[in-house]
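Working through the structure, step by step
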Amino acid sequence: MNIRYLHTMVRVKDLDKTMDFFRLLGLEEMRRIDNDKGRFSLVFMAPPGQPECPVELTYNWDGDDGLPSDSRHFGHLAYRVGNIYEMCQKLQDAGVTINRPPRDGHMAFVRSPDNVSVELLQEGDHLPPQEPWSSMENTGTW
């Protein structure tokens, strides 16, 4: 039996704000489908050079009252990054809360504007502990 990963879909309330968040992570828009009849947009974003690993952002033009306030039922998206400290600093500088700081030089969690949990994992070996991350407490849930 053949199986191939296609994409992960998350529903979003503010498409522009959510796309800005994923751009901060380094993802790029790969393709977009605007469906006038169904009144929704599908935006596929992926890391550069990895079009086979997209996240599909589903935006309902008339709102989405069914979107839960806590998206933990979804789980999380995970991305490997070249330097977890630099990525967390970039996100923090842009106003993103680091919910689970990379105290171990390996793993961090943040949330998108739509409350989707995003795991960041250090490429290769763990980085040596570094301040302010090594003494930073968790914030909220991740």
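Preceding this section is the structure that the text describes.
Before going into details, it helps to say that this report is about the structure given with it. (Residues numbered from 1 in each chain as written. Predicted model: local features only at pLDDT ≥ 70, side-chain atom pairs only at ≥ 80, totals over all residues. Heavy atoms only, no water.)

Re the overall build of the protein chain
In terms of regular secondary structure, the protein chain is built from two helices and eight strands. Along the protein chain, helices (α) and strands (β) appear in the sequence β-α-β-β-β-β-α-β-β-β when read from the amino end. The C-alpha atoms of the protein chain give a radius of gyration of 16 Å, which matches the 14 Å a tight globule of 142 residues would have. When the backbone C-alpha atoms are referred to their principal axes, the protein chain occupies close to 50 × 35 × 30 Å. Among the 142 residues that make up the protein chain, the fraction classed as buried is 39%. Restricting to contacts in the protein chain with at least 6 residues of sequence separation, those with at least 24 account for 58%. (Helix = DSSP H or I, 4+ residues; strand = E, 2+ residues; numbered from the N terminus. Rg over C-alpha atoms; globule rule 2.2 N^0.38 Å. Buried < 20%, exposed > 50% of the residue type's maximum accessible area, 1.4 Å probe, protein only. Contact = heavy atoms within 4.5 Å.)

As for the nonpolar core
Within the largest apolar cluster, 29 residues are counted, with the highest numbers of intra-cluster contacts made by F22, L25, V55, L57, Y79 and L120. Those elements giving two or more residues to this core turn out to be β1 (8-12), α1 (15-24), β3 (40-46), β4 (55-60), β5 (76-81), α2 (84-93), β7 (107-111) and β8 (117-122). Counting residues per element, this core draws most heavily on α2, at five residues. Each of domain 1 (6-58) and domain 2 (75-120) accounts for three or more of the residues forming this core. For L57, the contacting residues outside a window of four places in its chain are V10, V12, L15, T18, M19, F22, S41, L42, V43 and M45. (Core = buried A, V, L, I, M, F, W, Y, C linked by side-chain atoms within 4.5 Å. Domains from an automatic or database assignment.)

Overview of unusual backbone geometry
Following E131, the chain continues into P132 via a peptide bond in cis, with omega recorded as 10 degrees. Within the fold, P132 resides in the segment after β8. Even without a glycine there, the phi angle at R39 is positive, about 60 degrees. Secondary-structure assignment places R39 in the loop between β2 (28-35) and β3. The phi dihedral of N115 falls on the positive side, at around 70 degrees, and the residue is not glycine.

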